[in-house]
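Below, each chain spelled out in residue letters.
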Amino acid sequence: MSGQTVDEVDRIVAAWRRERPDLDVAPLEVLSRVSRLARLLDKARSAAFARHELETWEFDVLSALRRSGDPYQLSPGQLVGLTMVTSGTMTNRIDRLASRGLVRRLPDPSDGRGVMVRLEAGGRAVADAALADLLEVERSVLAALDPGEHDDLSRLLRDLLTAFEAS
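Residues numbered from 1 in each chain as written. Predicted model: local features only at pLDDT ≥ 70, side-chain atom pairs only at ≥ 80, totals over all residues. Heavy atoms only, no water.

A.B. asks: Where do I start with the packing of helix α2 (residues 26-50) against helix α6 (residues 121-142) in this structure?
C.D. replies: Relative placement of two packed helices is described by the angle separating their axes and the distance separating the axes. One can describe the packing of α2 onto α6 by two numbers: an axis separation of 9 Å at closest approach and a directional angle of 145 degrees. Between α2 and α6 lies a crossing of right-handed hand. Contact with α2, carried on its side by L41, A44, R45, A48 and F49, involves A130, D133, L134, V137, E138 and V141 of α6 and no other residues of that element. Looking at the contact of α2 with α6 residue by residue, the class counts come to 8 nonpolar, no polar and 3 charged. (Axes fitted to C-alpha atoms, helices over the stretch in contact; angles between N-to-C directions. Helix = DSSP H or I, 4+ residues; strand = E, 2+ residues; numbered from the N terminus. Left-handed = near helix turned anticlockwise from the far one by under 90°. Contact = heavy atoms within 4.5 Å. Nonpolar A, V, L, I, M, F, W, Y, C, P; charged D, E, K, R; others polar.)

A.B. asks: Please explain the layout of surface pockets as it appears in this structure.
C.D. replies: Over the atoms rolls a probe the size of a water molecule, and in doing so it shows where empty space is left. Roughly 1500 Å³ of volume is contained in the largest pocket. For the largest pocket, the lining is made up of 30 residues, of which R33, V34, L37, L153 and L157 are closest to its centre. A total of 13 residues in the lining of the largest pocket trace back to one element, the largest contributor, which is α2. Residue composition of the lining of the largest pocket, grouped by class: 18 nonpolar, 3 polar and 9 charged. What the second largest pocket holds in volume is close to 350 Å³. Looking at the second largest pocket, it is lined by 17 residues, and the ones nearest its centre are F59, D60, S63, R67 and L134. Among the elements of the structure, α2, α3 (56-67), α4 (76-83) and α6 are those that each provide at least two residues to the lining of the second largest pocket. (1 Å grid on protein atoms, 1.4 Å probe; cavity = no way out; pocket = protein on both sides within 12 Å on 5 of 7 lines; lining within 4 Å. Points joined across faces, edges and corners; volume = space filled by probe spheres on them.)

A.B. asks: Explain the pairing of strand β2 (residues 103-108) to me, please; I cannot follow it from the model alone.
C.D. replies: Remember that side chains alternate between the two faces of the sheet whenever the strand is regular. Here β2 pairs with strand β3 (residues 111-119) via 6 bridges, running antiparallel. Looking at β3, one finds that L106 is bridged to M116. (Pairing = 2+ DSSP bridges.)

A.B. asks: Is there a simple way to explain the packing of α3 against α6 in this structure?
C.D. replies: At their nearest, the axes of α3 and α6 sit 9 Å apart, and the two run at 105 degrees to each other. In terms of axis orientation, α3 runs roughly perpendicular to α6. Where α3 approaches α6, its residues F59, L62 and R66 are matched on the opposing element by G123, R124, V126, A127, D128, A130, L131 and L134. Residue composition of the contact of α3 with α6, grouped by class: 7 nonpolar, 1 polar and 3 charged. (Parallel < 35°, antiparallel > 145°, perpendicular 65-115°, else oblique.)

Structure below.
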């Protein structure tokens, strides 16, 4: 590590190597950093969304609707799949967003018993503004990497995530 920056993970790994030389603790060098980075990013994202009076889960639902394209509507089941929460949780989330006027429930024209959730103009505006703020935060995090490193890291993380999700 001569000439390299030493971080908390380096100290943790060194301590485990000292205390448990019988174990290969190399996975900690990568995954402890991923875990710590995820926690820091969650805080930064939460702060970006809070500037727009949104919780992270609210942005998740609004952005799923926004990404769906015109007319910016999805079924609750589609939202469950995109946000990885239970249907009961999604019902509560839709209720809360609807009470704020950010989304509206509409009858599903293809299923008389079903509903669609449509992004309202105010929901679209707040999602767009929060996304722009989020991207500024994330650009500042990634500024430590040059474009080639960014591409390499993106590819490596995609490979790791794909393999982990498949297992």
